[in-house]
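Overview (structure and organization)
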Amino acid sequence: MKESVVEQPALPPAQGEEEHLSLALANSAMAMPGGHTLDRLGTPAQTNHWLTERGLAPVDVGMLEMCASQLRSQREQIRSLFASRAAGLPALPAAVRAINDAMTRVPTAPLLQWDDKNGPYRATPHPTTEIVDHALATLAADAADLLTGPDAERLTACGSPPCNRYLLRHGRRHWCSTRCGDRARAARAYARRTQPKSE
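Rules behind the numbers
Residues numbered from 1 in each chain as written. Predicted model: local features only at pLDDT ≥ 70, side-chain atom pairs only at ≥ 80, totals over all residues. Heavy atoms only, no water. Helix = DSSP H or I, 4+ residues; strand = E, 2+ residues; numbered from the N terminus. Buried < 20%, exposed > 50% of the residue type's maximum accessible area, 1.4 Å probe, protein only. Contact = heavy atoms within 4.5 Å. Areas by Shrake-Rupley, 256 points an atom, 1.4 Å probe, with all protein chains shown as cover. Polar contact = N/O pair within 3.5 Å; in protein donor to acceptor, adjacent residues only side chain to side chain. Expected span 1.5 Å × (residues − 1). Salt bridge = Lys/Arg side-chain N within 4 Å of Asp/Glu carboxyl O. Core = buried A, V, L, I, M, F, W, Y, C linked by side-chain atoms within 4.5 Å. Pairing = 2+ DSSP bridges. pLDDT = per-residue confidence, 0-100.

A look at the overall build of the protein
- When its secondary structure is counted, the protein shows six helices and six strands.
- Element order for the protein, N to C, with α for helix and β for strand: α-β-β-α-α-α-β-β-α-β-β-α.
- With 199 residues in all, the protein has 38% of them scored as buried.
- Pairs at least 24 residues apart make up 55% of the contacts formed inside the protein by residues separated by at least 6 positions.
- Accessible area of the protein: about 11700 Å², with a carbon and sulfur share of 56%.

Now the structure itself:
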């Protein structure tokens, strides 16, 4: 039975997502008003769709839950690093190791294999696993480039709770979308109206 991708509400990409795939990955799980979460990697089919949209996997690659889980795990490591950078705090060593591991575990050539019947030969690992490993390496390298490049100073968390997305700040804008900016302005206006007047 083939799993279908359920259409999810379209939110505009946060500032910087189009330049940095790792930012798009970090934002692929979004906290929504009312305590809801939207996870674009919630199922293998959704994960395949997300990777395909970004040119990291072919359509209908046959994504397995194990592969989708690896991508969700890397998302959490990248989010941890982005949170540390945005807050000016030290990064968790496990998050740094996870990103380095993803960048270094992808072979650059077919590996040597040995079969008792036919002898030595060169082959690539399981195709789906290889696709996921390359996607993980690409996303990890992008996160490393973002964290060490000129855009790192602009990396910030959206300033409109409950939103948990990251963006590259442009000017004074600290919101990932117009929706979040409107919600933050409405909250400030409400706070001013309800604040007791000092006499």
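From this point on, the discussion continues.
A closer look at the side chain of N27
- As for its position among the elements, N27 is in the loop between α1 (21–26) and β1 (29–32).
- Relative accessible area serves as the criterion here: at 2%, N27 is assigned to the buried category.
- Of the polar contacts made by the side chain of N27, one reaches the side chain of E17; its length is 2.9 Å.
- Ignoring sequence-local partners within four residues, the contact set of N27 consists of A14, E17, R79, R165 and Y166.

As for helix α3 (residues 65–87)
- Look at α3: 33 Å from first C-alpha to last across 23 residues, which is about the 33 Å you get at 1.5 Å a residue.
- Three or more residues of α3 are buried, namely C67, A68, L71, R72, Q74, R75, I78, R79, S80, L81, F82 and S84.

Some remarks on the pattern of salt bridges
- Tallied over the full model, the rule gives nine salt bridges.
- In this structure, D39 and R75 form a salt bridge, with 2.8 Å as the shortest nitrogen-oxygen distance. Of the two residues, D39 is situated in strand β2 (residues 36–39) and R75 in helix α3; the sequence distance between them amounts to 36 residues.
- The class for D39 is partly exposed, based on a relative accessible area of 22%.
- Here R75 falls in the buried class, since its relative accessible area comes to 4%.
- Salt bridges sharing partners connect three or more residues here, namely D39, R75 and E76.

Considerations on helix α2 (residues 44–53)
- Of all ten residues in α2, seven are buried; the element is thus mostly enclosed.
- Along α2, the residues classified as buried are P44, A45, Q46, T47, N48, W50 and L51.
- A positive phi of about 70° marks G55, the residue just after α2.

Re the nonpolar core
- Membership of the largest hydrophobic core comes to 30 residues, with the highest contact counts inside it found for L25, W50, L51, L71, I78, F82 and L155.
- When contributions to this core are tallied by element, the ones reaching two or more residues are α1, α2, α3, α4 (93–104), α5 (127–148) and β6 (166–168).
- Sequence-distant contacts of I78, that is, excluding residues within four places in its chain, are made with S22, L25, A26, I99, L139 and A143.
- Counting seven residues, the second largest nonpolar core, distinct from the first, contains A14, C163, L167 and C180.

Notes on the pairing of β1
- Residues of β1 alternate between two faces, with A29 and A31 on one and M30 and M32 on the opposite face, all of them buried.
- Summarising the sheet, β1 and β2 pair through four bridges and their orientation is antiparallel. Within the sheet, the bridge partner assigned to M30 lies in β2 and is L38.

A closer look at unusual backbone geometry
- Following P161, the chain continues into P162 via a peptide bond in cis, with omega recorded as 10°.
- Note that P162 resides in the loop between β5 (155–157) and β6.

Some details on the environment of W50
- Tracing the backbone shows W50 in helix α2.
- Apart from the residues within four sequence positions on either side, W50 is in contact with L21, A24, L25, S28, R40, L41, L56, L71 and L139.

Description of the confidence of the model for the protein
- Per-residue confidence for the protein gives a mean pLDDT of 85, with 86% of residues at or over 70.
- Mean pLDDT across the secondary structure elements of the protein bottoms out at helix α6 (residues 178–194), with 72, and peaks at α1, with 97.
- Within the model, the stretch residues 1–7 combines pLDDT values under 50 with nine contacts to residues more than four positions away or in other chains.

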